[in-house]
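This is what each chain is made of:
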Amino acid sequence: MSHHDDDSISNESSNPSFSDVLAVAHSRRQLLAGGIGGAAAFFMSDSMLAAPERQTHWQTRHQLVGFRPVPLAGGGGNTPRISADYQYEVIIPWGAPIAPGSTDTIGIGHDGMWFLPLNNRSSHGLLVINHEYGDNIVVLGKNTPSNLNDVRISQYAHGLSVIEIMRQGRNGKWITNASNYARRIHVNSPVTFSGPAANSPLLSNAAGNAPLGTVNNCANGNTPWSTYLTCEENFNGYFGATAPWTANEAQRRYGMAAGSGYGWHLFDARFNLSNPDYANESNRFGWIVELDPLNPLAPPVKRTALGRMKHEGIAIVEGRGGRIVGYMGDDERFEYIYKFVSDDNWRAMRAQGKSPLDHGKLYVARFKDDGTGQWLELTISNPALAARFADQATILVNTRLAADVLGATPMDRPEWTTVGPNGLVYCTLTNNTRREVANGANPQVPNPDGHIIRWLDSDDHLGLTFEWDIFALASATHGTEESFASPDGLMADPDGRLFIETDGLQRDGLNDQLLVADINTGEIRRLFEGVAGAEVTGITMTPDRRTLFCNLQHPNPDTSVPRDATVVITRRDGGIVGS
Ligand code: FEO
Ligand code: CA
Ligand code: CA
Ligand code: CA
């Protein structure tokens, strides 16, 4: 059905090929009419299908995503809108106690999160939440901190919350419980480093200060051994200089600059780039951090094998032989998509006392215009990198510089990744207003509205080759009931629904929203629209998939939502969310 049938991709396993997968997943769209790169050939419209196929196609579509969508008309308000088949409640706003009577409070900028059931129940569990971002004007009531105490207040608003929540009665409200697991991790909480760069001099300072804290915790992942992965994104924004200072090449590559909107560097030397005692402090951020929510005394661990970048999120999947594979986006214009593969079966590694996230290889993606791609190895055994970098630790601390050397494909801001039940990996490319030169995987110039790309790795996620195409181009939806732009949060469910969250200017008068796509047909329906000013981000479900949690981040102050908060979404008939 596509020209890919003729390609000689060396698929070393018996996995279905990309064209096999797509043969049962006819897209009804004809995006990119006229053809750009390799993408256009994959799309088929209903009219191109034979009648019996069309019937199956229609049935599948309506079984998978059957709810009445929030209409396009009437958007952009200060109160959320939800499908007529659904209901929502708002919980745990910024500043709420993490448990009844606790003086510790929920942070701001709710983003990636994870529901970890207790006793395998869907009505009771831990919720781990990232606190990505908090404007000084909101947190402090002023643009610039006046003293160290102000800085500490701002720093406390960042990081992670772990809370224990429970639903009261069958259709009751969700409440926060008293809990031994409830904790806050913020910018001054102890953390440790692990993996190949852990003992690198690049991660220590003349001051000899122990590593503390995590910042700009954006999206997330979770492991088969029930730990949470929080991803440090725009860490550069927390550093500034109080004296003349010049960024070195590596610092420039991560956008380190003398000015900082947070002003922490004015009173906290750790964040002062011009203080030579803390010259390497910024190297301690930009990592993926593992937290064991069931072990409240264990500090978070920064896993250096996963590379240092503006980590958006990580989608973990078990590849061939039980190896851990993680797909990751580096969210900035013209940055790259990465994957990590553990050296061995994760159970065997853990039985030997090794973390599968400490021992493995990191790769960066090259998307070729013919619809194929390659994973390029970011290790010191790669001669191109050995010529330039001293050791593996230096490569990992300077992941972006190493990826540049290998000729990775600059993407339109890679945000979340997720793996569908069809084995395809999906990744949101949120937008790129500065793109001037197209490539097959990023075909719009400029790209103010973004797109979603998908690929199938060879060899059950372990291979070095893949095939890709574009799942949805946001601009193609504008003016239709499917209208969306700037896709960001992304989660596939086991049935083949793709939950899409947006962060950025929506078209057709809408606020940011949560939509559900049918992976097979490409149909998209609007489940929820947030309030003015707020992005919709973070997504997790209970094991029975009857309850979905998402977040409203940075809503305008005059909306019905009390600051940054979590939204609990259920079907009125108690059915699976998204159906
Ligand atoms: Fe924190 Fe790229 O969103
Ligand atoms: Ca955000
Ligand atoms: Ca995001
Ligand atoms: Ca975003």
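Further up the page is the structure itself.
Our subject in this report is the structure included herewith. (Residues numbered from 1 in each chain as written. Chains lettered and ligands numbered in written order. Predicted model: local features only at pLDDT ≥ 70, side-chain atom pairs only at ≥ 80, totals over all residues. Heavy atoms only, no water.)

Brief notes about the coordination of the calcium ion (ligand 2)
At this site the calcium ion (ligand 2) is bound by E132 (OE), E535 (OE) and Q553 (OE1), with donor distances of 2.2 to 2.5 Å. Mapped onto the sequence, the donors of the calcium ion (ligand 2) take the spacing E-x402-E-x17-Q. The distance between the calcium ion (ligand 2) and the calcium ion (ligand 3) comes to 5.3 Å. Highlighted residues: E132 in the loop between β4 (124-131) and α3 (136-139) and Q553 in strand β29 (residues 548-553), separated in sequence by 421 residues. Assessed through its relative accessible area of 8%, E132 is described here as buried. Owing to a relative accessible area of 1%, Q553 belongs among the buried residues under this scheme. (Donors = N, O, S within 2.8 Å, 3.2 Å for Na, K, Ca; no water. Helix = DSSP H or I, 4+ residues; strand = E, 2+ residues; numbered from the N terminus. Buried < 20%, exposed > 50% of the residue type's maximum accessible area, 1.4 Å probe, protein only.)

A few points about the pattern of salt bridges
Scanning the entire structure with this criterion turns up 31 salt bridges. In this structure, the salt-bridge partner of E332 is K310, at a minimum N-O distance of 3.1 Å. Note that E332 is positioned in the loop between β14 (323-330) and β15 (333-335) and K310 in the loop between β12 (301-303) and β13 (311-318), a separation of 22 residues in sequence. Overall, E332 belongs to the partly exposed group, its relative accessible area being 28%. For K310, a relative accessible area of 3% translates into the label buried. Here E318 ties to R347 by a salt bridge, and the two come within 3.7 Å at their closest N and O atoms. (Salt bridge = Lys/Arg side-chain N within 4 Å of Asp/Glu carboxyl O.)

Considering the coordination of the calcium ion (ligand 3)
Surrounding the calcium ion (ligand 3) are the protein donor atoms E312 (OE), E415 (OE), D488 (OD) and D488 (OD), at 2.3 to 2.8 Å. All donors of the calcium ion (ligand 3) belong to a single chain; written as a sequence motif, their spacing is E-x102-E-x72-D.

As for the sheet that holds strand β10 (residues 228-232)
Spatially, the five strands line up as an open sheet ordered β8-β12-β11-β10-β9, and their pairing is mixed. With one partner strand each, in any of the chains shown, β8 (192-194) and β9 (217-222) form the two edges of the open sheet. Adjacent strand axes in the sheet meet at a mean angle of 30 degrees, parallel and antiparallel pairs treated alike. Here three bridges tie strand β11 (residues 288-291) to β12, and the two strands are oriented antiparallel to one another. Across the sheet, the residue bridging to I288 is R303, located in β12. (Pairing = 2+ DSSP bridges. Axes fitted to C-alpha atoms, helices over the stretch in contact; angles between N-to-C directions.)

Here we look at a nonpolar patch on the surface
Together, L148, L266 and F267 give the surface a local cluster of nonpolar side chains, amounting to about 240 Å² of exposed area. Of note, L148 is situated in helix α4 (residues 148-157). (Patch = residues over 30% accessible without salt bridge, like charges linked within 9 Å, V, L, I, M, F, W, Y side chains within 5 Å. Areas by Shrake-Rupley, 256 points an atom, 1.4 Å probe, with all protein chains shown as cover.)

So, the packing of aromatic side chains
Under the counting rule described, the total for this entry stands at 26 aromatic pairs. Arranged with centres 5.6 Å apart and planes meeting at 80 degrees, the rings of F67 and Y86 form a pair that is edge-to-face. Here F67 is found in the loop between α2 (51-64) and β1 (81-82), whereas its partner Y86 is found in strand β2 (residues 86-91), with 19 residues between them in sequence. Per residue, the accessibility class of F67 equals that of Y86, and both read buried. Three or more aromatic residues joined by ring pairs form one cluster here, namely Y238, F239, Y262, W264, F271 and F285. One residue, R308, lies across the ring of Y254, its end atom 4.3 Å from the ring centre. (Phe/Tyr/Trp six-rings, centres within 6.5 Å; stacked < 30°, edge-to-face > 60°. Lys NZ or Arg CZ within 6 Å of the ring centre and 35° of its normal.)

Section: the nonpolar core
Ranked by internal contacts, the top residues of the largest apolar core, which has 45 residues, are L498, F499, L514, L548 and I569. Residues contacting L514, with those up to four places away along its chain left out, are F499, I500, E501, R526, L527, F528, V536, I539, L548 and I569. Y336, W346, L357 and L396 belong to the second-largest nonpolar core, a separate cluster that totals 30 residues. (Core = buried A, V, L, I, M, F, W, Y, C linked by side-chain atoms within 4.5 Å. Contact = heavy atoms within 4.5 Å.)

Looking at α4
Every buried residue belonging to α4 is among D150, V151, S154, Q155 and A157, and all of these are buried. Along the long axis of α4, the arc covered by the buried residues comes to 155 degrees, so they all point the same way. Capping of α4 at its N-terminal end is provided by N147; its side-chain oxygen lies 3.1 Å from the backbone amide nitrogen of N149. (Arc of directions from axis to C-beta. Polar contact = N/O pair within 3.5 Å; in protein donor to acceptor, adjacent residues only side chain to side chain.)

With respect to the sheet that holds strand β25 (residues 497-502)
Overall, antiparallel pairing links the five strands, which are arranged β1-β27-β26-β25-β24 in an open sheet. The outermost strands of the open sheet, each flanked by one partner alone, are β1 and β24 (487-492). The pairing of β25 with strand β26 (residues 513-518) spans five bridges and is antiparallel. Note on β26: the bridge partner recorded for I500 is L515.

So, the side chain of D412
Position of D412 among the secondary structure elements: in strand β19 (residues 411-412). Apart from residues lying up to four places away in sequence, D412 is in contact with L429, T430, N431, N432, R435, N442, Q444, N447 and H451.

Quick look at the pairing of strand β23 (residues 465-473)
Burial analysis of β23 places eight of its nine residues in the buried class, which makes it a mostly covered element. Pairing of strand β18 (residues 372-377) with β23 involves three bridges; the strand directions are antiparallel. If you follow Q374 over to β23, its bridge partner there is T465.

Details of the state of the cysteines
Among covalent bonds in proteins, the disulfide is the one between the sulfur atoms of two cysteines. According to the stated counting rule, one finds zero disulfides in the structure shown. No disulfide involves C231; its sulfur sits 7.6 Å from the nearest other cysteine sulfur, which is in C218. A residue is classified by how much of its surface remains accessible, and C231, at 0% relative accessible area, is buried. For C427, which is in no disulfide, the shortest distance to another cysteine sulfur is to C218 and amounts to 12 Å. C427 gets classed as buried once you look at its relative accessible area, which sits at 0%. (Disulfide = S-S within 2.5 Å.)

Quick word on unusual backbone geometry
Peptide bonds are, in most cases, trans, and in most cases residues other than glycine have a negative phi. Omega for the peptide link from V445 to P446 comes to -15 degrees, which places this bond in the cis form. Secondary-structure assignment places P446 in the loop between β21 (425-429) and β22 (451-457). With a phi close to 60 degrees, R545 is a non-glycine residue in the positive phi region. Looking at where R545 falls in the secondary structure, it is placed in the loop between β28 (535-541) and β29.

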